[in-house]
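Single-letter residue listing:
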Amino acid sequence: MKYPKEVQDKINVLNKYTIDKNLSEFDIFHLYPENKPAYPNGFYDSRFFELWGFNTKTMTKSNLGRHDGIISYFNPMPIKMIRIFADGSTFIRFTKVITIDCFQEIIVNS
């Protein structure tokens, strides 16, 4: 799919981050949905997605793998913004740097 220049420029920003496989603190998640249900290996009402975590302070990113959910025990969860991009992916910006536990479902910690 071809996007207008303004849209493509936003997508290209994510390519400016360098990969750090040991990254453990994030302030942005970017989810890329798969086109098949998670069932029978995941939640029956969900789809798997590929999750990338970003740290805007260090300009690093990490592929956090394939998951079928994100959960947090914060009340409220520290989310500043959620946006669905033109390519169908989902952008989540947190209000602070978070850490995670990485299972089939991502658990957001403080």
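The structure this text deals with has already been given above.
For the structure given in this document, a descriptive report is provided here. The numbering scheme is per chain: residues are counted from 1 as the chain's sequence reads. Side-chain atom pairs in this predicted model are given and counted only at pLDDT of 80 or more, local residue features only at pLDDT of at least 70, and totals for whole chains, interfaces and linings cover all residues. To get the side-chain values, take all heavy atoms of the structure and skip hydrogens and water.

Structural notes on the layout of surface pockets
Over the atoms, a rolled probe matching the size of one water molecule traces out where space is still vacant. Spelled out, the test is: Only protein atoms enter the calculation, which uses a 1 Å grid: trapped sets of points that fit a 1.4 Å probe without letting it out are cavities, open sets showing protein on both sides within 12 Å along at least five of seven lines are pockets, and any residue with an atom within 4 Å of a point is a lining residue. Grid points are joined across faces, edges and corners, and a volume is the space filled by probe spheres set on the points. Strands are runs of DSSP state E lasting at least two residues, helices are runs of H or I lasting at least four, and both sets are numbered from the N terminus onward. Following the grouping adopted for this structure description, the nonpolar residues are Ala, Val, Leu, Ile, Met, Phe, Trp, Tyr, Cys and Pro, the charged ones are Asp, Glu, Lys and Arg, and the polar ones are all others, Gly among them.
Counted as a void, the largest pocket has a volume near 200 Å³. Contributions of two or more residues to the lining of the largest pocket are made by helix 1 (5-13), strand 6 (79-84) and strand 7 (90-102). Looking at side-chain class alone, the lining of the largest pocket contains seven nonpolar, no polar and three charged residues.

Section: the pattern of salt bridges
To keep things clear, this is the line we draw: Salt bridges are counted wherever a side-chain nitrogen of Lys or Arg sits within 4 Å of a carboxyl oxygen of Asp or Glu. Partly exposed residues are those whose accessible area sits between 20% and 50% of the maximum for their type, while under 20% is buried and over 50% is exposed, using a 1.4 Å probe and protein chains only.
Applying the stated criterion across every chain yields a total of two salt bridges. Of the charged contacts in the structure, one is a salt bridge between aspartate 9 and lysine 5, with a shortest N-O distance of 2.8 Å. One end of the pair, aspartate 9, and the other, lysine 5, are both in helix 1, four residues apart, so they sit about a helical turn from each other. With a relative accessible area of 59%, lysine 5 lands in the exposed category. Glutamate 34 is the salt-bridge partner of arginine 66, the closest N and O atoms lying 3.1 Å from each other. Taken together, the residues span a long stretch of sequence, with arginine 66 in strand 4 (residues 60-67) and glutamate 34 in strand 2 (residues 26-37) at a distance of 32 residues.

Some points on the nonpolar core
Stated precisely, the cut-off is as follows: By nonpolar core is meant a set of buried Ala, Val, Leu, Ile, Met, Phe, Trp, Tyr and Cys residues that side-chain atoms within 4.5 Å join together.
Within the largest apolar cluster, 13 residues are counted, with the highest numbers of intra-cluster contacts made by Phe26, Phe29, Leu51, Ile98 and Ile100. Breaking this core down by element, the ones donating at least two residues are strand 2, strand 3 (47-55), strand 7 and strand 8 (105-109). Ranked by residues supplied to this core, first place goes to strand 7 with four residues. Core analysis: the second largest hydrophobic core is formed by seven residues, Tyr17, Ile28, Phe85 and Phe91 among them.

Here's the deal with the packing of aromatic side chains
Going by this rule: Each Phe, Tyr or Trp ring, with Trp reduced to its six-membered ring, pairs with another whose centre is within 6.5 Å; inter-plane angles below 30 degrees give stacked pairs, above 60 give edge-to-face pairs, and intermediate values give tilted ones. Counting as a charge over the ring demands two things of the Lys NZ or Arg CZ atom: a distance within 6 Å of the ring centre and an angle within 35 degrees of the ring normal.
Scanning the model with the defined rule gives four aromatic pairs in all. Where tyrosine 17 meets phenylalanine 54, the ring centres are 5.0 Å apart and the plane angle is 80 degrees; that geometry is what we call edge-to-face. Here tyrosine 17 is found in the loop between helix 1 and strand 1 (18-19), whereas its partner phenylalanine 54 is found in strand 3, with 37 residues between them in sequence. Side by side, tyrosine 17 and phenylalanine 54 carry an identical accessibility label, which is buried. Three or more aromatic residues link up through ring pairs in this structure, and these residues are Phe26, Phe29 and Phe94. The ring of tryptophan 52 has lysine 61 lying over it, and the distance from NZ or CZ to the ring centre is 5.3 Å.

With respect to the pairing of strand 2
Residues in a regular strand project their side chains so that they alternate between the two faces of the sheet. Quick reminder of the rule: Here a strand pair is declared whenever DSSP counts at least two bridges between the two strands.
Both strand 2 and strand 7 contribute to a ladder of five bridges, which runs antiparallel. Within strand 7, the position partnered with isoleucine 28 by the bridge is arginine 93. When strand 2 meets strand 3, the two strands line up antiparallel, connected through seven bridges. By the bridge assignment for strand 3, isoleucine 28 is matched with phenylalanine 54.

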